[in-house]
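# Examining the three-dimensional arrangement
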Amino acid sequence: MQAYSSVIFDLDGTLLDTLEDLADATNRALGRLGFPARAVEEFRYLVGDGVVMLVMRALPVDRRDAATIQRCIAIYREEYDRNKYAKTRPYAGIREMLDGVRDLGFKMAVLSNKPHGFTVQCVERFLGEWKWAEVLGQTEAIPRKPSPAGAIEIARRLGDAVSSFVYVGDTKTDMLTATGAGMFPVGVLWGFREKAELEASGAREIIAKPGELVEFLKGSGIRWGEAFVGK
């Protein structure tokens, strides 16, 4: 049975509920440009692939020219920076889940499409009580997800084989990242997307509540050193 040693988590929609802050900043940017606001629920399908894609998808179809996209991105960043922590919070059960994963002895890492500095800041602010082996956001050197490059880079830094990683995320982007990197993809249902999308994009396990990840890890023949869990 495969022995796992590390878990990589997506950030938005997996560990942190950031949807309303993302929606509010985008809608304020749209409003300043004279465009209609989007319903908060729409943002479940607009986010996940970085700020450029978020803004492009949010703009009216006939106003997605390069100049408008860049202007809207600049305003979005200004608005988001002003109120980025207004409504963001860990999902219910995340703290207990992270305690459980830590107590099993796993290394834990975060991989996000947010800019790297902001990813680090978010983890420190909301999840700083846990030890993170690596936190990696978008940089010029590493393509954003679904490229597997960031996940592979985390494995390299931790000195572990990619096959020893469980990758946890809430969108197609995350599942494609995991499968592309050769990691075990776990899809979560409390985030931004539905079960059908996760399964269609390669999820090998689907969990509905954070605590189910701990139970999955216990029963998967995970080991570190000479000790086995779940036997």
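Structure report, in brief.

Parameters at a glance
Residues numbered from 1 in each chain as written. Predicted model: local features only at pLDDT ≥ 70, side-chain atom pairs only at ≥ 80, totals over all residues. Heavy atoms only, no water. Salt bridge = Lys/Arg side-chain N within 4 Å of Asp/Glu carboxyl O. Helix = DSSP H or I, 4+ residues; strand = E, 2+ residues; numbered from the N terminus. Pairing = 2+ DSSP bridges. Axes fitted to C-alpha atoms, helices over the stretch in contact; angles between N-to-C directions. Expected span 1.5 Å × (residues − 1). Contact = heavy atoms within 4.5 Å. Buried < 20%, exposed > 50% of the residue type's maximum accessible area, 1.4 Å probe, protein only. Right-handed = clockwise from strand over helix to strand, strands pointing away.

## Overview of the pattern of salt bridges
- This structure, assessed with the given rule, holds 25 salt bridges.
- When the shortest N-O distance is used, the salt bridge between Arg28 and Glu79 registers 2.9 Å. Of this pair, Arg28 sits in helix H1 (residues 19-32) while Glu79 sits in helix H4 (residues 66-83), placing them 51 residues apart in sequence.
- Among the charged side chains, a network of salt bridges with common partners joins Arg28, Arg32, Glu78, Glu79 and Arg82.

## Side note on the sheet that holds strand E5 (residues 134-138)
- Strand order in this open sheet of 6 strands is E5-E4-E1-E6-E7-E8, and the pairing throughout is parallel. A strand with exactly one partner marks an edge of an open sheet, and here the two such strands are E5 and strand E8 (205-207). On average, each strand axis in the sheet is inclined to that of its neighbour by 20°, with strand direction left out of account.
- Both strand E1 (residues 6-9) and strand E4 (residues 107-115) contribute to a ladder of 4 bridges, which runs parallel.

## Notes on H1
- With 14 residues, H1 extends 20 Å from end C-alpha to end C-alpha; this agrees with the ideal 20 Å at 1.5 Å per step.
- In this structure, the buried side of H1 is in contact with strand E2 (16-17), helix H2 (43-46), helix H3 (51-58), H4 and E4.
- Positioned one or two residues after H1, Gly34 has a phi angle of 85°, which is positive.

## Structural notes on the side chain of Thr171
- With respect to the helices and strands, the residue Thr171 is situated in the loop between strand E6 (165-169) and helix H8 (172-181).
- Since its relative accessible area comes to 4%, Thr171 is described here as buried.
- If near-sequence neighbours (up to four positions away) are discounted, Thr171 is found in contact with Phe192, Arg193, Glu197 and Leu198.

## A closer look at the pairing of E6
- Among the 5 residues of E6, 5 are classified as buried, and the element is accordingly described as predominantly covered.
- Neither face of E6 is left uncovered, since the one carrying Phe165, Tyr167 and Gly169 and the one carrying Val166 and Val168 both have all their residues buried.
- As paired elements, E1 and E6 share 4 bridges and run parallel to each other. Bridge pairing links Ile8 to Tyr167 in E6.
- Where E6 meets strand E7 (residues 184-188), 4 bridges bridge the pair, whose relative direction is parallel. The partner of Gly169 across the bridge, within E7, is Gly187.
- With H8 bridging E6 and its parallel neighbour E7, the resulting β-α-β unit is right-handed.

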